[in-house]
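Each chain is listed here by its residues.
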Amino acid sequence: MFTGLALSSAPSAAASTAAETETITQSASAGPARGFWAVSHSTKAKISGTYQYWYAGRAGGRALYDGRFMGATAEDRVAGDKYQAVLALKYDEFVGGAWRPVKNRVAVVNGTKSWSFKNKANVVAYACDRKVGTKKLLNCDSWSF
């Protein structure tokens, strides 16, 4: 399930027939592209864009999703304040036969990007501030609906 991006964890017909303990990939049609946006707690950073995902199988007893972000933007709403706008991600990924959590993965800084992803679950996008020249994410707020 993609919590912050509203990806459904409802079982599909394909999911119910997949074995719980092995990775099964299949071709699946993508769901509709959906928009997202959030503003950091300070309101200095805004994220927005479009995402799309599809069920890709099961691994380690959980559903896997593949998908893409299109035109994902981190907008600095206060120019010259020595802070950057960051679109950060949190998710679980299936690597080397096991699930592992990934937190505070910086995806976009003061700009726009598009990318694809594979073998993820529980993806959440955050709008964060970050002081120029540092790595610490501040005032993060997730996209919600």
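Residues numbered from 1 in each chain as written. Predicted model: local features only at pLDDT ≥ 70, side-chain atom pairs only at ≥ 80, totals over all residues. Heavy atoms only, no water.

## Examining the pattern of salt bridges
In step 1: Counted under the stated rule, the structure contains five salt bridges.
In step 2: With its nearest N and O atoms 3.7 Å apart, the salt bridge here joins Asp 81 to Lys 44. Taken as a pair, Asp 81 in the loop between strand E4 (62–76) and strand E5 (83–95) and Lys 44 in the loop between strand E2 (34–39) and strand E3 (45–59) lie far apart in primary sequence, 37 residues in all.
In step 3: In this structure, Asp 66 engages Lys 118 in a salt bridge whose closest nitrogen and oxygen atoms are separated by 3.3 Å. Of the two residues, Asp 66 sits in strand E4 while Lys 118 sits in strand E7 (residues 111–131), which places them 52 residues apart along the sequence.
In step 4: According to the relative accessible area criterion, Asp 66 is buried, its value standing at 9%.
In step 5: Where salt bridges share partners, they join Glu 93, Arg 100 and Lys 120 into one cluster. (Salt bridge = Lys/Arg side-chain N within 4 Å of Asp/Glu carboxyl O. Helix = DSSP H or I, 4+ residues; strand = E, 2+ residues; numbered from the N terminus. Buried < 20%, exposed > 50% of the residue type's maximum accessible area, 1.4 Å probe, protein only.)

## Side note on the nonpolar core
In step 1: In this structure, Phe 36, Ile 47, Phe 69, Leu 87 and Leu 89 are the most contacted members of the largest nonpolar core, which totals 24 residues.
In step 2: For this core, the secondary structure elements donating two or more residues are E2, E3, E4, E5, strand E6 (98–109) and E7.
In step 3: Apart from the residues lying within four places of it in its own chain, the contact partners of Leu 89 are Phe 69, Val 102, Lys 103, Asn 104, Arg 105, Ala 107, Trp 115, Val 123, Val 124 and Ala 125. (Core = buried A, V, L, I, M, F, W, Y, C linked by side-chain atoms within 4.5 Å. Contact = heavy atoms within 4.5 Å.)

## Details of the environment of Trp 37
In step 1: Inspection of the secondary structure assignment puts Trp 37 in strand E2.
In step 2: Residues within four places of Trp 37 in sequence aside, it is in contact with Ile 47, Ser 48 and Trp 143.

## Considerations on the pairing of E4
Both faces of the sheet carry side chains from a regular strand, because those side chains alternate between them.
In step 1: Pairing of E3 with E4, which is carried by 13 bridges, proceeds in the antiparallel orientation. When the bridges of E4 are listed, Arg 58 appears paired with Ala 63.
In step 2: Here E3 folds back onto E4 in antiparallel fashion, the turn holding two residues, of which Gly 60 has a positive phi close to 55 degrees.
In step 3: As defined by bridge partners, E4 adjoins E7 across seven bridges and the pair is classed as antiparallel. Pairing of Thr 73 across the sheet is with Thr 112, part of E7. (Pairing = 2+ DSSP bridges.)

## What to know about the environment of Lys 90
In step 1: Among the secondary structure elements, Lys 90 is positioned in strand E5.
In step 2: Using a relative accessible area of 32% as the deciding quantity, one classes Lys 90 as partly exposed.
In step 3: Once the C-alpha coordinates of Lys 90 and Arg 105 are considered, the two residues, 15 residues apart in sequence, prove to be 6.4 Å apart.

That's the geometry; what it means functionally is another story.
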